[in-house]
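Listed below are the residues making up each chain.
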Amino acid sequence: MGDATTTRAGGDVTGEVTDLIQHLIRNACVNDGSVGSGFEVRSADLLAGYFEGSGIDVERYEPEPGRASLVARIEGSNPDAPGLLLMGHTDVVPANADRWRHDPFGGELIDGEVWGRGAVDMLNLTASMAVATRRLAASGFRPEGTLTYLAVADEEALGAYGADHLARHELDAVGADFVITESGGIPVPGGGGELRLPVLVGEKGSCWCTLRITGTPGHASQPYATDNALVTAAEVVRRIAEYRPQTDIHATWRRFLEGMGLPDEMVAPLLDPDRFVDALADLPVGMARQFHACTHTTLAPTVAHGGTKTNVIPDQVDLQVDIRTLPGQTLPDVQALLAEALGDLADRVEMVDSHDDPSTESPIDTPLWDALDRVSKSFYSGSHLVPMLSVGATDARFFRRLGATAYGFGLFSQKLTFEDFGRMFHGDDERVDTDSLRLSTELWEAVARDFLGG
Ligand SMILES: [Zn+2]
């Protein structure tokens, strides 16, 4: 097992990428889902300033005031050579400062770790991709294929002012055959002491629905035999929560589990749809949740609005359900699952809104996969890439739908575990160690040189 943290010289790469992520964190581009939030133009300005003097031209795209994305390109010499897009988002989700040990927007460097919202999702990669791109340009790098760096707004909502917009309208600027974005690359010890490096090759879809439950209004002083929409909704919530969709042992799950080098007695039940759910009970809860989500359609009731006044029997409740779909599933499949979950209540429930954003996947028999594998082995000798399905959405989906191969990757030190990283995504006390920042920066430089030629 190679120890990347000691075999490579740090030098000023670490300082440069650390400084950049600290500034990105302090910009606090918090995206709460509203058009007026995010204000990523601050980080687009910061990055434009960072690229100044490097010889790279940057362009800016701002579909709504404040929602700016930045593109920096190193043009390839061969228009037929495949291009590579390194894409990081600049927005972050909100943080509740009362629950953090340090200021979530302070970007403080404490004991070799940078603290703050976005430290692992994904300002670490956004910063390291920028530093690698600038260093490549400064070194006179002239690739055959074009290298594009994209610092994109609005990933944490639906990408409407970021990747979705750019993929629809600005393909000349951001189009590429191959794309790398979040996340992956957290070293996991596998069998034989060799490290496994997960690569996100696909992601589940989301089908966010609003379900309306109706009743009959009346005076709440006489509730006997009334048709109370809130009471019906409570039973709807209970049935959705208790519903157990089938376990789907799909190809990516099988490759992931077999690739991780886990003991056979652990792997066998997790490849058997009849034993899968029982086997989860023996796992740490974070891992069980992840494994369950990888192999099931999930349905989570998350928001309820209903009722008008304490003394009125409610005639309407709107229930929002976060449904995450597996590869191949679309809205009619979701409707069928809901009908099964609701049973005899199905005709009391109307789906009044739905946003179906299907699952996407990329193949692994590609030149980019091979390049990532070669380069990763130069950092962690004997390591293996393992394909993995992301249970959440990333901006990769917009590019996969255009035919690009898109992976989620990065490279981390061994200071934090896979579990730590899972907890910190959108969680409290998010932070990243400076060795991981340096490793990712060096990774992007090496991948660009290996993959793009020149
Ligand atoms: Zn992210």
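Calculation criteria
- Residues numbered from 1 in each chain as written.
- Predicted model: local features only at pLDDT ≥ 70, side-chain atom pairs only at ≥ 80, totals over all residues.
- Heavy atoms only, no water.
- Donors = N, O, S within 2.8 Å, 3.2 Å for Na, K, Ca; no water.
- Tetrahedral: all angles 85-135°; square planar, octahedral: opposite > 155°, others 65-115°.
- Helix = DSSP H or I, 4+ residues; strand = E, 2+ residues; numbered from the N terminus.
- Buried < 20%, exposed > 50% of the residue type's maximum accessible area, 1.4 Å probe, protein only.
- Axes fitted to C-alpha atoms, helices over the stretch in contact; angles between N-to-C directions.
- Parallel < 35°, antiparallel > 145°, perpendicular 65-115°, else oblique.
- Left-handed = near helix turned anticlockwise from the far one by under 90°.
- Contact = heavy atoms within 4.5 Å.
- Nonpolar A, V, L, I, M, F, W, Y, C, P; charged D, E, K, R; others polar.
- Phe/Tyr/Trp six-rings, centres within 6.5 Å; stacked < 30°, edge-to-face > 60°.

Further remarks concern the coordination of the zinc ion. The coordination sphere of the zinc ion, as far as protein atoms go, consists of H89 (NE2), D121 (OD), E182 (OE) and E182 (OE), spread over 1.8 to 2.5 Å. If you look at the zinc ion, its four donor atoms make angles of 56 to 149° with each other, and the shape they trace is irregular. Of note, the donors binding the zinc ion are all from one chain and are spaced H-x31-D-x60-E. Taken together, the positions of H89 in strand β3 (residues 84–89) and D121 in the loop between β5 (113–115) and α4 (123–138) put the pair 32 residues apart, joining distant regions of the chain. Under the relative-accessibility criterion, H89 is labelled buried at 1%.

It is worth spelling out the packing of helix α3 (residues 41–51) against α4 at this point. Taken N-terminus to C-terminus, the directions of α3 and α4 make an angle of 25°; their axes are 10 Å apart at the nearest point. Classified by the angle between their axes, α3 and α4 sit roughly parallel to one another. In terms of crossing hand, the pair formed by α3 and α4 is right-handed. Two secondary-structure elements touch here, α3 through L47, Y50 and F51 and α4 through A130, V131, T133 and R134. Here the residues of the contact of α3 with α4 are counted per class, giving five nonpolar, one polar and one charged.

The description of an aromatic ring pair rests on the distance of the ring centres and on the angle between the ring planes. For the coordinates displayed, the defined rule picks out nine aromatic pairs. Centre to centre, the rings of Y50 and F51 are 5.6 Å apart; their planes meet at 65°, and the pair counts as edge-to-face. Ring geometry for W253 versus F276: centroids 5.9 Å apart, planes at 70°, classification edge-to-face. With W253 in helix α8 (residues 251–259) and F276 in helix α10 (residues 276–280), the pair connects residues that are 23 residues apart, well separated along the chain. On the basis of relative accessible area, W253 is assigned to the buried category, the value being 2%. An aromatic cluster of three or more residues is present, and its members are W253, F256, F276 and F291.

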